[in-house]
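Observations on the model geometry
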Amino acid sequence: MSRKPLVRECPPTTWYFRQPRYLRYMSREITSIFVGAYCVLLVVGLQRLADGPTAWEGFLLALKSPASIVFHFLALVAAVYHAATWFNATQKAMPLQIGESFVPGNLISGAHYAAWAVLSCVVLYLAGVF
Amino acid sequence: MKERTVQLEVLRYNPDTDTEAHFQRYEVVCQEEWVVLDALNKIKADIDPTLNYRWSCHMAVCGSCGMMINGEPKLSCHAFLRDYEGVIRVEPLAHFPVERDLVTAPDDFMEKLKRVKPYVIPKEKKPISEGEYKQTPAQLMKFRQYSMCINCMLCYAACPQYGLTPSFIGPAALTLAHRYNQDSRDGGRMARQEVVATHEGVWECTFVGACSEVCPAQVDPASALQQMKITSSLDWIVEHLIPGGRSAGDAASREDAVDKS
Ligand code: SF4
Ligand code: FES
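Residues numbered from 1 in each chain as written. Chains lettered and ligands numbered in written order. Predicted model: local features only at pLDDT ≥ 70, side-chain atom pairs only at ≥ 80, totals over all residues. Heavy atoms only, no water.

1. A look at the overall build of chain B
Within chain B, the regular secondary structure consists of 10 helices and seven strands. For chain B, the spread of C-alpha atoms along the principal axes amounts to about 70 × 40 × 30 Å. The buried share of chain B, taken over its 261 residues, is 47%. For chain B, restricting intrachain contacts to residue pairs at least 6 apart in sequence, the fraction spanning at least 24 positions comes to 62%. Of the roughly 12,700 Å² that chain B leaves accessible, carbon and sulfur atoms contribute 53%. Here chain B carries 29 positive and 36 negative side-chain charges, and the mean point of each set is 6 Å from the other. (Helix = DSSP H or I, 4+ residues; strand = E, 2+ residues; numbered from the N terminus. Buried < 20%, exposed > 50% of the residue type's maximum accessible area, 1.4 Å probe, protein only. Contact = heavy atoms within 4.5 Å. Areas by Shrake-Rupley, 256 points an atom, 1.4 Å probe, with all protein chains shown as cover. Lys, Arg positive; Asp, Glu negative; His and termini not counted. Charge placed at Lys NZ, Arg CZ, Asp CG, Glu CD.)

Next up, the structure:
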């Protein structure tokens, strides 16, 4: 009896439609585009600041445009979703063993959420929000 | 006992006569509490003896009955008919070459298992007269979960990275490397890093997490791989950013030199 194994290819561009969990994964990956775009925006802002007061004023004005507000809203939603997926993943990447048992996973993820909240408050405080 | 009539659509491929696979539909009278494997056994016994598939234990232990059931990697001895509605589509495990019908060729997986050195490489060799290597329950717990793998390959069938890049060492084999790395008796981590900390190793993983969702033994391969990414990154930092830091490769070759001397 001869061997003639049949290879069933994984479709290179449409594989993520095969299962809902792949779509969830792709949505997490796609949010990183917004996170990246926001970083670029920050760098542009720094450049404008270095270019002098007129350039900076122009940059601030552009930030107030409707397109910019829509972008900021989308970027915020994407960044929160992105961050949440990674905070939820921390319990897998960093399990904590004490004696014979493991610290419950949601405590590890929860600690990250708590640290996030505290740091956000510090940033808001430094920015003069309160 | 209650009966139910089930329609199964099974992928057929005969290497002697076919160039492509095709689906064949069977109608089977089953018992209410049967699993998909029981229905396949009934087909083979009463309807079509030419149907090929693997199984052995019928109790989710041997890992040989993995198949795609409605597109999801499952142990067919663990997939209850009552959990499915309508026609149940049964295909061989995805991402593996199909040998015949539902039988796949596991050669690639077996090869990869070997590459991660899946055995204890003693930290310190001692003569048998000195007795066994002892371990506390806490030391056992550190790796116990990762030792529960039944080699069913469902995680490979679930992993799109393995499907797209077949050179990826993949979830179960890398998890087994982690299992030995975590063992207090083992000193072989640096030697395993040559396979683990590479593009074909943990860095091919993009943390889709599908492996852990489908694993029937709750091994959680995704967690093992993420932990190995962290240790591999720390190795890199030690090697490149800390003056006099030893690289994984250095350490492995030094260990070899010590072994040979
Ligand atoms: S890790 Fe889980 S899914 Fe993968 S081969 Fe082992 S038991 Fe099967
Ligand atoms: S027959 Fe052994 S795991 Fe299903």
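What follows picks up the thread again.
2. Considering the pattern of salt bridges
All names here are of chain B. Under the criterion given, the structure shown has 23 salt bridges over all chains. Note that Asp16 and Arg100 form a salt bridge whose closest N and O atoms lie 3.1 Å from each other. One end of the pair, Asp16, is in the loop between β1 (3-12) and β2 (22-31); the other, Arg100, is in strand β6 (residues 98-100), with 84 residues separating them in the sequence. Look at Asp16 and you get partly exposed, because its relative accessible area is 45%. (Salt bridge = Lys/Arg side-chain N within 4 Å of Asp/Glu carboxyl O.)

3. Focus: the interface of chain A and chain B
The interface of chain A with chain B comprises 28 residues on the first partner and 43 residues on the second. Counting the surface lost from both chain A and chain B, the interface buries some 2,800 Å², and carbon and sulfur atoms represent 53% of this. Broken down residue by residue, the surface that chain A buries against chain B is led by Leu6(A), Arg8(A) and Arg21(A), which jointly contribute 24%. Summed over the shared surface of chain A and chain B, the result is seven salt bridges. A salt bridge links Arg3(A) to Asp107(B); the nearest nitrogen and oxygen atoms lie 3.5 Å apart. Counting across the interface, chain A meets chain B through 17 residue pairs in polar contact (both at pLDDT 80 or more). Contributions of two or more residues to the side of chain A that touches chain B are made by α1 (20-51) and α3 (66-93) of chain A. With five residues, α1(A) is the single largest residue contributor to the side of chain A that touches chain B. (Buried area = accessible area lost by both parts, 1.4 Å probe. Polar contact = N/O pair within 3.5 Å; in protein donor to acceptor, adjacent residues only side chain to side chain.)

4. Observations regarding the packing of helix α2 (residues 107-115) of chain B against helix α6 (residues 171-181) of chain B
Describing two packed helices takes the angle between their axes plus the distance from one axis to the other. Residue and element names in this part refer to chain B. Running from N to C, α2 and α6 cross one another at 20 degrees; their axes reach a closest spacing of 9 Å. The angle between the axes of α2 and α6 places the two elements in the roughly parallel class. The interaxial crossing formed by α2 with α6 has right-handed handedness. Together, Phe109, Lys112 and Leu113 of α2 and Ala172, Ala173 and Leu176 of α6 make up the contact between the two elements. Looking at side-chain class alone, the contact of α2 with α6 contains five nonpolar, no polar and one charged residues. (Axes fitted to C-alpha atoms, helices over the stretch in contact; angles between N-to-C directions. Parallel < 35°, antiparallel > 145°, perpendicular 65-115°, else oblique. Left-handed = near helix turned anticlockwise from the far one by under 90°. Nonpolar A, V, L, I, M, F, W, Y, C, P; charged D, E, K, R; others polar.)

5. Remarks on the nonpolar core
Residues and elements named next belong to chain B. Of all hydrophobic cores here, the largest spans 67 residues; its most connected members are Leu8, Val10, Leu40, Ile88, Val90, Tyr156 and Leu174. Here this core gets six residues from one element, more than from any other, and that element is α6. Both domains that meet at this core, namely domain 1 (3-104) and domain 2 (107-260), each give it at least three residues. Those residues in contact with Val10 that sit more than four places away from it in its chain are His22, Phe23, Gln24, Tyr26, Leu40, Leu51, Val90 and Leu102. (Core = buried A, V, L, I, M, F, W, Y, C linked by side-chain atoms within 4.5 Å. Domains from an automatic or database assignment.)

6. Digging into the sheet that holds strand β3 (residues 66-69) of chain B
Residue and element names in this part refer to chain B. With respect to topology, five strands assemble into an open sheet ordered β2-β1-β5-β3-β4, the strand pairing being mixed. One side of each edge strand has no neighbouring strand; the edge strands of this open sheet are β2 and β4 (72-75). Strand after strand, the sheet turns through a mean of 35 degrees between neighbouring axes, direction not considered. Across the sheet, helix α1 (residues 36-47) touches β1, β2, β3 and β5 (88-92), and the angle it forms with β2 is around 100 degrees. (Pairing = 2+ DSSP bridges.)

7. Here we look at the site of ligand 1
The immediate surroundings of ligand 1 are formed by Cys149(B), Ile150(B), Asn151(B), Cys152(B), Met153(B), Leu154(B), Cys155(B), Ala172(B), Cys215(B), Pro216(B), Val219(B) and Pro221(B). In terms of residue class, the shell around ligand 1 is built from 11 nonpolar, one polar and no charged. (Near = heavy atom within 4 Å.)

8. As for the packing of aromatic side chains
Residues and elements named next belong to chain B. Using the criterion set out here, one finds 13 aromatic pairs over all chains in the structure. Consider the rings of Phe96 and Tyr162, whose centres lie 5.6 Å apart with planes at 45 degrees: the pair is tilted. Note that Phe96 is positioned in the loop between β5 and β6 and Tyr162 in helix α5 (residues 160-164), a separation of 66 residues in sequence. Neither Phe96 nor Tyr162 differs from the other in exposure class; each is buried. (Phe/Tyr/Trp six-rings, centres within 6.5 Å; stacked < 30°, edge-to-face > 60°.)

9. Some remarks on unusual backbone geometry
Residue and element names in this part refer to chain B. The phi dihedral of Asn151 falls on the positive side, at around 55 degrees, and the residue is not glycine. Along the chain, Asn151 falls in the loop between α3 (137-144) and α4 (154-158). Although it is not a glycine, Phe207 sits at a positive phi angle of roughly 60 degrees. Here Phe207 shows up in the loop between α7 (189-196) and α8 (210-214). Exposure remark for Phe207: the relative accessible area of 8% places this residue in the buried category.

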